[in-house]
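Listed below are the residues making up each chain.
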Amino acid sequence: MVSLHDKRLVIFGCGYVGSALARAVVAAGASVEALTRNPEKAAALREAGLAKVVVADLSTDTWHGQIVGGADFVVNCVSSGGPDAYRQSYVGGMHSVLAWAAKGAAPVETFVYTSSTSVYPQGGGVIVDESAPAEGASPNGAIIRESEALLQHAPASAVRRHFILRLAGIYGPGRHHLLDQLRAGADQLGGSGAHRLNLAHRDDIVAAILAGLGAPATVGSGLFNVADSAPALRAEVVAWLAARLGRPVPGFDGSATTRRGGAPMPDRIISNARIQQVLGWRPQYPDYRAGYEKLLSL
């Protein structure tokens, strides 16, 4: 694995995942710069020892003069910023980052983009790997797929190598809605328990990003799913959490379970085999029990 020591990394959309990544890379001896739209997040990042933190809207070019181009590594882990801002955040943001990269003294050596498994339309309990078609997903998924394509077709003057990481449902410290509902004593949850939850712990996502940044030069650009190794039915996860909390198992109201943007929640198994084979990544939290057990201990 390539060392990050004395390398320069710029993180765009430095929020939940990006902040954890920034701390890990600073600890590895890299110089880290970040862009966030949140002033409070920016203050926390400065305290964490980042070399520079810029507060700006990624989709604009107002920040281009504040962050010097030619970085060794770039990570774009922007989030939507709200249900009405998908195109602005993902497509507009990617346009802006690639325009900035093309103006640098040298191309970005490795660019990692945290995308989403929401680009996949498949359901019906099928196994979904990176060869699965990503057309026909939800409107939000189609927007994210469009942003992926921008990076995949970026000129060599902007990016030498890229990795697109399609993340499953993110959870981790401070981000565990299902656990919060049970702790609050909910006796009924919305939707159904009959679809599988494909989850990715924040720390495993950070490890996947680091695996991309540190991949040897012999590994070319690629597309990878990032998920744990044992998707489980939502009802199973709820029952296990309820037992661990010593609470009655809540029921489900049977309403249509939807993703962000209103699309139906599909039942499928996201395969993580490719990233394990190519980048050598292994999840520290291979199933929901391992991940939630850690959260319950916090």
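These lines cover the structure that appears in this document, whether it is placed above or below. (Residues numbered from 1 in each chain as written. Predicted model: local features only at pLDDT ≥ 70, side-chain atom pairs only at ≥ 80, totals over all residues. Heavy atoms only, no water.)

1. What about the overall build of the protein?
Summing up its helical and strand segments, the protein has nine helices and 15 strands in all. Taken over the C-alpha trace, the protein has a radius of gyration of 19 Å; the compact-globule value for 298 residues is 19 Å, and the two agree within 12%. Over its C-alpha atoms, taken along the principal directions, the protein stretches across nearly 60 × 40 × 35 Å. A buried classification covers 52% of the 298 residues belonging to the protein. Accessible surface computed for the protein: about 12600 Å², of which carbon and sulfur atoms make up 53%. (Helix = DSSP H or I, 4+ residues; strand = E, 2+ residues; numbered from the N terminus. Rg over C-alpha atoms; globule rule 2.2 N^0.38 Å. Buried < 20%, exposed > 50% of the residue type's maximum accessible area, 1.4 Å probe, protein only. Areas by Shrake-Rupley, 256 points an atom, 1.4 Å probe, with all protein chains shown as cover.)

2. Overview of the sheet that holds strand β5 (residues 110–116)
The parallel open sheet is built from seven strands, whose spatial order is β3-β2-β1-β4-β5-β7-β12. Two strands bound the open sheet, and with one partner strand each, they are β3 (52–55) and β12 (222–226). Here the average twist between neighbouring strands, direction ignored, is 15°. Looking at chain direction, strand β7 (residues 162–167) and β12 are connected through five bridges and run parallel. (Pairing = 2+ DSSP bridges. Axes fitted to C-alpha atoms, helices over the stretch in contact; angles between N-to-C directions.)

3. A closer look at the state of the cysteines
A complete count under the given rule lists zero disulfides for this structure. Unpaired in terms of disulfides, cysteine 77 finds its nearest cysteine sulfur in cysteine 14, a separation of 5.9 Å. (Disulfide = S-S within 2.5 Å.)

4. So, unusual backbone geometry
Here aspartate 6, not a glycine, exhibits a phi torsion of approximately 65°, which is positive. Residue class for aspartate 6 comes out exposed when judged on its relative accessible area of 64%.

5. Here's the deal with the environment of glutamine 181
Within the secondary structure layout, glutamine 181 lies in helix α5 (residues 177–183). Along the sequence, glutamine 181 and leucine 167 sit 14 residues apart, while their C-alpha atoms lie 23 Å from each other. Dropping the residues within four chain positions of it, glutamine 181 is found in contact with Ala186 and Leu189. (Contact = heavy atoms within 4.5 Å.)

6. Let's talk about helix α1 (residues 16–27)
Its twelve residues place the ends of α1 18 Å apart at the C-alpha level, agreeing with the 16 Å of an ideal helix rising 1.5 Å per residue. Regarding α1, the residues found buried are Val17, Gly18, Ser19, Ala20, Leu21, Ala22 and Val25. Close packing links the buried residues of α1 with β1 (8–12), β2 (31–36), α2 (39–47), β4 (73–76), β8 (169–171) and α6 (202–213). A positive backbone phi angle near 95° is found at glycine 29, which sits one or two residues after α1. (Expected span 1.5 Å × (residues − 1).)

7. Quick look at the side chain of histidine 176
Along the chain, histidine 176 turns up in the loop between β8 and α5. Under the relative-accessibility criterion, histidine 176 is labelled buried at 14%. For histidine 176, the contacting residues outside a window of four places in its chain are Arg183, Tyr292 and Leu295.

8. As for the nonpolar core
Ranked by internal contacts, the top residues of the largest apolar core, which has 75 residues, are Phe12, Trp63, Trp100 and Phe111. Tryptophan 63 has contacts with Phe12, Leu35, Val54, Ala56, Asp57, Leu58, Ser96, Val97 and Trp100, leaving out every residue within four places of it along the chain. Membership of the second largest hydrophobic core comes to 17 residues, among which are Leu182, Leu197, Trp240 and Leu295. (Core = buried A, V, L, I, M, F, W, Y, C linked by side-chain atoms within 4.5 Å.)

9. A look at the pattern of salt bridges
Any two side chains of opposite charge can pair, so long as their charged atoms come close to each other. Tallied over the entire structure, the rule returns nine salt bridges. Across the pair glutamate 148 and arginine 166 runs a salt bridge, and its minimum N-O distance is 2.7 Å. Linking glutamate 148 in helix α4 (residues 139–152) with arginine 166 in strand β7, this pair joins segments that are 18 residues apart in sequence. In terms of burial, glutamate 148 and arginine 166 fall into one category: buried. With a closest N to O distance of 2.3 Å, glutamate 293 and arginine 244 form a salt bridge. (Salt bridge = Lys/Arg side-chain N within 4 Å of Asp/Glu carboxyl O.)

10. Concerning the packing of aromatic side chains
The tally for this structure, following the rule as stated, stands at seven aromatic pairs. Look at phenylalanine 12 and tryptophan 63: their rings are 4.9 Å apart centre to centre, the planes differ by 50°, and that puts the pair in the tilted class. Remark: tryptophan 63 occurs in the loop between β3 and β4 and phenylalanine 12 occurs in strand β1; sequence separation between them is 51 residues. Each member of the pair, phenylalanine 12 as well as tryptophan 63, is classed as buried. (Phe/Tyr/Trp six-rings, centres within 6.5 Å; stacked < 30°, edge-to-face > 60°.)

11. What about the side chain of serine 19?
Here serine 19 lies in helix α1. Judged by its relative accessible area of 6%, serine 19 falls in the buried class. In this structure, serine 19 is in contact with Cys14, Lys41 and Leu45, ignoring residues within four places of it in sequence.

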